[in-house]
Amino acid sequence: MDKSVIITNMRTVLVTGASDGIGKAIALALSKQKENLILFGRSEEKLQAVKAAAENNGAAVTTYTFDLTDNERRQAVIDEILFNGQVDVLINNAGLWHKVGDITALDEAKITEVINTNLTAQILLTRQLLDSMRSRENTAIINIVSKSGLVPQLGQTAYTASKYGLKGFTDVLRDDTEDEPIRVGAVYQSG
């Protein structure tokens, strides 16, 4: 089965972590292609600035401000999105980094926060959307993994573990959906 897909000309693209950094850059690049965007982020002020810039580029934009690790809120948001339409492309970009240092210098709360944001929430969000995406043509799930999912990063134990996990999740999901029209991939950006 030919599983090639071009992200352009998709009807609706959901980008997590869209209020800053790579997620913001992705959202603004897609807005220039006049995509319909659904943007998730934790900062209302930053997310609204991205929305305004994306709309200025001609995109239709809907935003949701919440912490992706909030399971109840995430479920409610996805229920609302699917009630009103569909997602053609999911870009799992949300992520947290931690200060470089020995694992003993990280407190348990930070380790849990990094793993839950960078891995668990991405898996659960994908699970929530997968059935609605898997039987339609030209759908895609793209996980932003970073080079830390391929090469261990000194002093970044929890972050690297989360990214290795996201790489593994991506690889298995791609194999599990091999005979379906959905495309699953990852981006391993550096720097």
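Quick caveat: nothing in here was measured; it's all calculated off a predicted structure. (Residues numbered from 1 in each chain as written. Predicted model: local features only at pLDDT ≥ 70, side-chain atom pairs only at ≥ 80, totals over all residues. Heavy atoms only, no water.)

J.: For this particular structure, what's the right way to read the overall build of the protein chain?
T.: Within the protein chain, the secondary structure is distributed over five helices and six strands. Its helices and strands in sequence order give the protein chain the pattern β-α-β-α-β-α-β-α-β-α-β, from N to C terminus. Considering only C-alpha atoms, the protein chain reaches an extent of 45 × 40 × 30 Å along its principal axes. Within the protein chain, the proportion of its 191 residues that are buried is 45%. Taking contacts inside the protein chain between residues at least 6 apart in sequence as the whole, the part at least 24 apart equals 69%. If you sum the accessible surface of the protein chain, you get close to 9,600 Å²; carbon and sulfur atoms cover 52% of it. Of the charged side chains in the protein chain, 20 are positive and 24 negative, and the gap between their average positions amounts to 6 Å. (Helix = DSSP H or I, 4+ residues; strand = E, 2+ residues; numbered from the N terminus. Buried < 20%, exposed > 50% of the residue type's maximum accessible area, 1.4 Å probe, protein only. Contact = heavy atoms within 4.5 Å. Areas by Shrake-Rupley, 256 points an atom, 1.4 Å probe, with all protein chains shown as cover. Lys, Arg positive; Asp, Glu negative; His and termini not counted. Charge placed at Lys NZ, Arg CZ, Asp CG, Glu CD.)

J.: Help me understand the pattern of salt bridges in this model?
T.: Where charged atoms from two side chains of opposite charge approach closely, those side chains can pair. Under the counting rule described, the total for this entry stands at eight salt bridges. Close ionic contact of lysine 51 with glutamate 55 constitutes a salt bridge, the shortest N to O distance being 4.0 Å. With a gap of four residues between them, lysine 51 and glutamate 55 both fall in helix 2 (residues 44–56), about one helical turn apart. The partly exposed category is assigned to glutamate 55, whose relative accessible area is 38%. With a closest N to O distance of 3.2 Å, glutamate 113 and lysine 110 form a salt bridge. Within this pair, glutamate 113 and its partner lysine 110 are both found in helix 4 (residues 108–133), separated by three residues, close to a single helical turn. Salt bridges linked by common partners bring Asp131, Arg134 and Glu180 together as one network. (Salt bridge = Lys/Arg side-chain N within 4 Å of Asp/Glu carboxyl O.)

J.: Can you walk me through unusual backbone geometry in this structure?
T.: Peptide bonds are mostly trans, and most non-glycine residues show a negative phi. Unusually for a residue other than glycine, lysine 34 sits at a positive phi of about 65 degrees. For lysine 34, the location among the structural elements is in the loop between helix 1 (21–31) and strand 2 (36–41). Of note, the phi angle at asparagine 138 is positive, near 60 degrees, even though the residue is not glycine. Tracing the chain through its elements places asparagine 138 in the loop between helix 4 and strand 5 (140–144).

J.: So what exactly am I meant to see when it comes to the layout of surface pockets here?
T.: Picture a little ball the size of a water molecule; that probe, rolled over the atoms, points out where space is still empty. There is about 700 Å³ of room inside the largest pocket. Residue contributions to the lining of the largest pocket peak at three residues, all from helix 1. Partitioned by chemical class, the residues of the lining of the largest pocket number nine nonpolar, 16 polar and six charged. (1 Å grid on protein atoms, 1.4 Å probe; cavity = no way out; pocket = protein on both sides within 12 Å on 5 of 7 lines; lining within 4 Å. Points joined across faces, edges and corners; volume = space filled by probe spheres on them. Nonpolar A, V, L, I, M, F, W, Y, C, P; charged D, E, K, R; others polar.)

J.: I tried to follow the nonpolar core on my own but got confused; where do I start?
T.: Looking at soluble globular proteins, one finds that nonpolar side chains tend to be buried together. In terms of nonpolar packing, the biggest core is built from 25 residues, with Leu14, Phe40, Ile81, Leu129 and Ile141 touching the most fellow members. Mapped onto this core, the elements with two or more residues apiece are strand 2, helix 3 (71–84), helix 4 and helix 5 (157–176). For this core, the leading source of residues is helix 4, giving six residues. When neighbours within four sequence positions are excluded, isoleucine 141 is seen to be in contact with Leu90, Asn92, Thr126, Leu130, Met133, Leu173, Ile182, Arg183, Val184 and Gly185. Counting 18 residues, the second largest nonpolar core, distinct from the first, contains Ala27, Leu39, Leu47 and Ala59. (Core = buried A, V, L, I, M, F, W, Y, C linked by side-chain atoms within 4.5 Å.)

J.: Help me understand helix 2 in this model?
T.: The periodicity of an α-helix, 3.6 residues per turn, causes residues three or four places apart in sequence to face the same way. A rise of 1.5 Å per residue sets the reference length of helix 2, with its 13 residues, at 18 Å; its end C-alpha atoms lie 18 Å apart and thus fit the reference within 8%. Elements that come into contact with the buried residues of helix 2 comprise helix 1, strand 2 and strand 3 (60–65). (Expected span 1.5 Å × (residues − 1).)

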